[in-house]
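Descriptive analysis of the structure
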Amino acid sequence: MKIRFCGATREVTGSKHLIIVNDKRVLLDCGLYQGYRREAYAKNNAFPFKPSSVDALVLSHSHIDHCGNIPGLVKKGFEGSIYATSATRDLCSYMLMDSAMIQERDAEYLKKHEKTHKSPIEPLYDEKDVKKSLNQFVSVGYERAFAITDGVAGCFYEAGHILGSAISHFILYDKTADKRCTLAYSGDLGRKGLPILKDPQYFPPTDYLIIESTYGDRTHDDVANIQKELADIVNKTAERGGKILIPSFALERTQELIYHFNLLSRSHEIPNIPIFVDSPLSIRVTDVFKAHPECFDKETAELIKNKENPFGFGELKYISDVEDSKKLNEYHGPCIIIAASGMAEHGRILHHLKNNIEDPKTTVLFVGFQADHTLGRKLVDGAKIATIFGEDYKVNAEIHKIDAFSGHADKNELMDFVMHIRGLKKIFIVHGEEKQSEAFAQALKEKGYETHIPKFAEEVEIE
Ligand SMILES: [Zn+2]
C-alpha cells in the first residue's frame, strides 16, 4: 500500500494525493494549481500520473484548489466515480462552471493582448467537460461507510471548513500481504464556532493521517469578536454617511457575512441600512446553502426553526443583473455592498472601488486572506494610489481588515485536532508553505508524534 503526494506539497494549492492499494488507484482531491499564469498552466496541464489509470476520486470540498482540475482529469480520460457529500456536489456544479468561464475569458484576453511569439494558453477545460464530470459524482452522506474499490472503503466526517466539507477516513486492505490499515485525510480543516457550520468532528482510530498546515505556525483572532468588530465598522461609516464595500469570495465568506449582519440587524446593533450582495455566483451558492440544512450547526437550525431566514432579511437585497449593479453607483447614503472578488482582483467590486475609493466617507473592509501582488494586498498594506482598470485613484477611503474570518484551523486548533485521534503511527503534513509545515511538524514532534513533510511526487509505503 502506498501514498503518492501529487500536489499541495510544501505549498498551498493543487491538492492531489494518490492512494495505491491492490494495484487500484484512488485519488484524494484534484485541485487546480493557482499561481503565475504560465507556470500554473503547465502544472495543471500535466498530471503526474495517467488520468485514465485512476479508479476513483474522493473529494474533500468544493474550493477550487481542491476540486478545480476535476474536469481536466475527466477530459484526459478519468472515467471513475467521484465521491463527495451532496452539498459539495451541488457547490461544485457552480464553482466548476464558473472556473470554466473564467478560463475561457482569460484565454480570449491573452489572445488579444499577449505577444504572438508566446505559445497560446488554451482553457484547461470547457463547460462540456464540467457537465461530463458532474455526471460522475456520487453523493454520500456524513458517517456512512461506502465501498470505493477493491480493498478501499471510505467514510466522511464533518470538517467544519465550508458547507459540505469533509474529513475522509479510509480502511485499506492489501490482499497479497493480507494486511489492513486505516488512513484519514483532513482536507481543509475548519474551526470550532464558525457560523452556520458544524464544528470539525472527531473520528475512529487512525494509523496514518494526511493533514493540512495552512496556519501551522499562526494563531487567529477569536471567532467571537467578529460581530463586535463588524458592528463598530458599520456604525462609524454609517454615521459619516459612507458606503461599506466588502470584497468577498462568493463561497462561504459571503454567507457568513450575511449571517452576521442578520443577527446584528435583529439586535439593532447596526442601523437599518441597505445591504447589497452584488454577485450572481454568490446568489447561486447561497441557494445551495438553503438546500442543505443538514450541514447547519445548532444555532442556524434554531433560527430556521423560529422561521427566521439567515440568508435573507429586511435590509438584504441580492443583485444579479449588471444594469442593477450599475444603478448602485447612483445610490447615495450609507449602505453595505458585498461583491466578488475577495482579493479585489476582478469582478464587480472593482467598479464599486473605482467609484467610491476617493471618497473619505467610504470604508473598504477585507475579510479574507490577501495574496501578494493583488490590489487587496496593496490596499491592506497602505497603498495611497489604487490602479483600477488602468487608471490611478487616490485612496481616501478607510481600509480595514478583520482577521478572525479564517475558515482554517490555526496551530492550536490543528494540534487539538491531532491529539483527539487515537492510534496514530505517522502524520503526513501537506497544504502549507514550507515554513508553516515545518513549524507544525516540529510542534508535533515535541508531543512525540512521528511526522513527514512529503515532496512533490514522493511515494511512501504504508502498512
Ligand atoms: Zn478550502
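In what follows, the accompanying structure is described. (Residues numbered from 1 in each chain as written. Predicted model: local features only at pLDDT ≥ 70, side-chain atom pairs only at ≥ 80, totals over all residues. Heavy atoms only, no water.)

**As for the sheet that holds strand 15 (residues 335-339)**
Across the sheet, which stays open at both edges, the six strands sit in the order 14-13-15-12-16-19 with parallel pairing between neighbours. Unpaired on one side and paired on the other, strand 14 (316-319) and strand 19 (398-401) mark the two borders of the sheet. Each neighbouring strand pair of the sheet contributes to a mean axis angle of 20 degrees, computed without reference to strand direction. Where strand 13 (residues 275-278) and strand 14 come together, four bridges link them in parallel fashion. Of the residues in strand 14, the one forming a bridge with Ile 275 is Leu 316. This element, helix 6 (residues 226-239), spans strand 12 (243-247), strand 15, strand 16 (363-366) and strand 19 of the sheet and lies at about 165 degrees to strand 16. (Pairing = 2+ DSSP bridges. Helix = DSSP H or I, 4+ residues; strand = E, 2+ residues; numbered from the N terminus. Axes fitted to C-alpha atoms, helices over the stretch in contact; angles between N-to-C directions. Contact = heavy atoms within 4.5 Å.)

**Digging into the sheet that holds strand 22 (residues 459-461)**
Adjacent strands of a sheet pair through backbone hydrogen bonds, lying either parallel or antiparallel. Spatially, 6-5-4-3-2-1-22 is the arrangement adopted by the seven strands of the open sheet, whose pairing is mixed. Both edges of this open sheet fall to strand 6 (137-139) and strand 22, since each of them pairs with a single strand only. Averaged over all neighbouring strand pairs, the angle between strand axes comes to 25 degrees, with direction disregarded. Looking at chain direction, strand 4 (residues 56-58) and strand 5 (residues 81-84) are connected through three bridges and run parallel. Its bridge partner lying in strand 5, Val 58 is registered against Tyr 83. The sheet strands contacting helix 4 (residues 86-113) are strand 5 and strand 6, and the helix crosses strand 6 at an angle near 145 degrees.

It is worth stressing that arrangement in space is one thing and function is another; only the former is reported here.
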